[in-house]
Amino acid sequence: MGAIAVAGDIERYRKVLKASSAFPIMFPPVEIDGHLFADGAVRANLVLLGLTGENPPAPPIHGPGTIIVIENGQATSPPAAVRNGIVDLASRSIGDMMAASMDGLMARAYFAAQVQGYRYRTVAVPGDVDIGSNPLAFDPAQMQAGFDAGYELGKRPDAWAKYQPLLGDMPEWMLQVVKERI
């Protein structure tokens, strides 16, 4: 985005920004140079330098650093009943798929930080903040509650976890092994 902005191509910048928020089913893809683009979170919610390529980079890539993961939501959500209807079922299914994908990506970020010698910090919206459970809903009050909680957390140095909490099907022993060996 920086290169596009420096080039002064405002229309292209707007298209890329619009495409990056075009969640499939909810919003149409955006055409750029004859190709259709949509929200990149469909493929990966988190992109980290050094996690691609045939060979591992020499750690650390750019000197000592910190991988900071800010979860735009809650790290865990309480179980809840789902109504028998296409909208509710689709919403819950999409939400669960997104959460499982994010769990895996956050685990990769944590392991990458350990392997590359980086510090790791993560924060998520506390479970007692009402941000809703429907990832397809755009409720202004819930969005504001999430923003306010995140803003307050960002000001507190003690709000940032230094390790990856247990996620999904990742066993506790696996995280313990990483802590002990690296």
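Report on the accompanying structure. Along each chain, numbering runs from 1 in the same order as the chain's sequence is written. For a predicted model such as this one, the threshold for reporting local features is a pLDDT of at least 70, and the threshold for listing and counting side-chain atom pairs is 80 or more; totals across whole chains, interfaces and linings nevertheless cover every residue. Processing note: side-chain calculations cover all non-hydrogen atoms of the structure and skip hydrogens and water entirely.

Side note on the packing of aromatic side chains
Remark: the centre distance and the inter-plane angle together describe each pair of aromatic rings, the angle taken between the planes. We count it as follows: Put simply, two rings from Phe, Tyr or Trp (the six-membered ring, in Trp's case) pair if the centres are within 6.5 Å, and we call them stacked under 30 degrees between planes, edge-to-face over 60, tilted for the rest. Numbered from the N terminus, helices here are DSSP runs of H or I no shorter than four residues, and strands are runs of E no shorter than two.
In the structure shown here, the tally under the stated rule is 2 aromatic pairs. When the ring of Phe 147 is compared with that of Tyr 151, the centres are 6.3 Å apart and the planes differ by 20°; the resulting orientation is stacked. With a gap of 4 residues between them, Phe 147 and Tyr 151 both fall in helix α4 (residues 140-154), about one helical turn apart.

A word on α4
What counts here: In a helix, the anticipated span is given by 1.5 Å times the number of residues less one. Residue burial is assigned from relative accessible area. The probe radius is 1.4 Å, only protein chains are included, and a residue is buried under 20% of its type maximum, exposed over 50%, and partly exposed in between. Our arc is simply the arc of the directions from the helix axis toward the C-beta atoms. Note on definitions: a residue-residue contact is assigned when non-hydrogen atoms from the two residues lie within 4.5 Å. Here a polar contact means two N or O atoms within 3.5 Å. Within protein one must be a hydrogen donor candidate and the other an acceptor candidate, and residues neighboring in sequence count only if both atoms are side-chain atoms.
Taking 1.5 Å of rise per residue, the 15 residues of α4 would be expected to cover 21 Å, and the 21 Å separating its terminal C-alpha atoms lies within 8% of that figure. Among all positions of α4, only Gly 146, Ala 149 and Leu 153 are buried. Buried residues of α4, viewed axially, fall in a sector of 65°; they line one side. Summarising the geometry of α4, the exposed residues directed more than 90 degrees from the buried face are Pro 140, Ala 141, Phe 147 and Tyr 151. Along its buried surface, α4 packs onto β4 (119-123). One side-chain oxygen of the residue at the start of α4 lies 2.8 Å from the amide nitrogen of Ala 141, identifying that residue as Asp 139.

What about the nonpolar core?
Note on soluble globular proteins: their nonpolar side chains tend to be buried together. Quick reminder of the rule: The criterion is simple. A nonpolar core is a set of buried Ala, Val, Leu, Ile, Met, Phe, Trp, Tyr and Cys residues joined through side-chain atoms within 4.5 Å.
Core analysis: the largest hydrophobic core is formed by 10 residues, namely Ile 67, Val 69, Met 102, Met 106, Ala 109, Tyr 110, Ala 113, Tyr 118, Tyr 120 and Leu 175. For this core, the secondary structure elements donating two or more residues are β3 (66-70) and α3 (86-116). If you tally residues by element for this core, the top one is α3, at 5 residues.

Some thoughts on unusual backbone geometry
Look at Asp 33: it is not a glycine, yet its phi comes out positive at around 55°. In this fold, Asp 33 is placed in the loop between β1 (30-32) and β2 (35-37).

Focus: the side chain of Asp 39
Residue position: Asp 39 is located in the loop between β2 and β3. Look at Asp 39 and you get buried, because its relative accessible area is 18%. Setting aside residues up to four positions removed in sequence, Asp 39 forms contacts with Ala 19, Ser 20, Ser 21, Ala 22, Phe 23 and Pro 24.

Quick look at the pattern of salt bridges
Where side chains of opposite charge bring their charged atoms close, a pairing between them can arise. The test is simple: Salt bridges, as used here, are contacts in which a Lys or Arg side-chain nitrogen is within 4 Å of a carboxyl oxygen on Asp or Glu.
For the structure on display, the rule yields 3 salt bridges. A salt bridge links Glu 152 to Lys 155, with the shortest nitrogen-to-oxygen separation between them at 3.3 Å. Glu 152 gets classed as partly exposed once you look at its relative accessible area, which sits at 43%. You can call Lys 155 exposed: its relative accessible area is 51%. Asp 158 serves as the salt-bridge partner of Arg 156, at 3.2 Å between the closest nitrogen and oxygen. The exposed category is assigned to Asp 158, whose relative accessible area is 60%.

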